[in-house]
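The lines below spell out each chain.
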Amino acid sequence: MTEYVFTPAPIPSLAVEGEQPRFPIRRVYCVGRNYAEHAREMGHNPDREPPFFFSKPADAVVPASGDVPYPSLTKELHYEVELVVAIGKGGKDIAPEDALEHVWGYTVGVDLTRRDLQTQAKKAGRPWDLAKGFDASAPTYPLLPVSRVGHPAEGAIWLKVNGEEQQHGDLNQQIWPVPEVISYLSQAVELKPGDLIYTGTPAGVGEIKPGDVVTGGIHNLGTFSFTMV
Ligand code: MN
């Protein structure tokens, strides 16, 4: 047994829908732009340049239910609803045709973004870390194993604020489908069991304020609802 100078923080984890054991989270990766309409609304040309990635801390993942705290240091908090891939088998330099064997399951999550800080960081050529990786920045629905949901490659992905639809897309609109996302990421880092990948958001991102009720989902995966407080 390793001894520590104080008791370590618990291992971050995500619930598995309807089951007792939880999925232990190792790392959280996010795809920057993966739907053409969203790339356009952010002022970019969605040609098939290779996907790029950023990270959030593993303990930024919180349940997409109940209350989610509105973060400090922002006046422009944005929602981004995303398909989340959970890695169950590690590897590096994974070929696209082998990539789905590495997936444990899927769910839907929100990549909360301090858009004002991100805009400043982009202008100044600074990192996005604190625009993207703040506390509770990844409210996420419980995971669903591949044995129950297969590998969703199409189906509606949507988000509403206070009952009004803001984002609506289809998984089949992803510029880089899940096998290619896994393949690219595994060239940059060795993937290991417990890694989560947020695969990008469709068009319609926008602001949420304290008190707003955020609901969303992906066809066949589930529907979440939480309140910003
Ligand atoms: Mn995102």
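For the structure itself, look to the data block above.
So, here is what we can say about the structure in this document. As the structure is a prediction and not an experimental result, all values here were calculated from the model.

1. Focus on the sheet that holds strand S6 (residues 65-68)
Reading across from one edge, S6-S18-S17-S13-S14 is the order of the 5 strands in this open sheet, with mixed pairing throughout. Both edges of this open sheet fall to S6 and strand S14 (164-170), since each of them pairs with a single strand only. Going across the sheet, the axis of each strand differs from the next one's by a mean of 15 degrees, ignoring polarity. Bridge analysis of strand S13 (residues 156-161) against S14 gives 6 bridges, and the strand direction is antiparallel. Bridged to Ile157 within S14 is Gly169.

2. Remarks on helix H2 (residues 115-124)
Helical geometry note: an α-helix holds 3.6 residues per turn, so side chains three or four residues apart project in the same direction. Every buried residue of H2 is listed here: Arg115, Asp116, Leu117, Gln118 and Ala121. Residues of H2 that are buried in the fold lie against strand S7 (77-79), strand S10 (113-114) and helix H3 (129-132).

3. Notes on the pattern of salt bridges
Enumeration over the complete set of coordinates arrives at 10 salt bridges. Asp195 is the salt-bridge partner of Arg26, the closest N and O atoms lying 2.8 Å from each other. Remark: Asp195 occurs in the loop between helix H5 (178-188) and strand S15 (196-198) and Arg26 occurs in the loop between strand S2 (23-24) and strand S3 (28-31); sequence separation between them is 169 residues. With a relative accessible area of 28%, Arg26 lands in the partly exposed category. One salt bridge connects Arg40 with Glu37, and the closest N-O pair in it is separated by 2.5 Å. Highlighted residues: Arg40 and Glu37, both in helix H1 (residues 36-41), separated by 3 residues, approximately one helical turn. For Arg40, a relative accessible area of 46% puts it in the partly exposed group.

Definitions and limits used
Residues numbered from 1 in each chain as written. Predicted model: local features only at pLDDT ≥ 70, side-chain atom pairs only at ≥ 80, totals over all residues. Heavy atoms only, no water. Pairing = 2+ DSSP bridges. Helix = DSSP H or I, 4+ residues; strand = E, 2+ residues; numbered from the N terminus. Axes fitted to C-alpha atoms, helices over the stretch in contact; angles between N-to-C directions. Buried < 20%, exposed > 50% of the residue type's maximum accessible area, 1.4 Å probe, protein only. Contact = heavy atoms within 4.5 Å. Salt bridge = Lys/Arg side-chain N within 4 Å of Asp/Glu carboxyl O.

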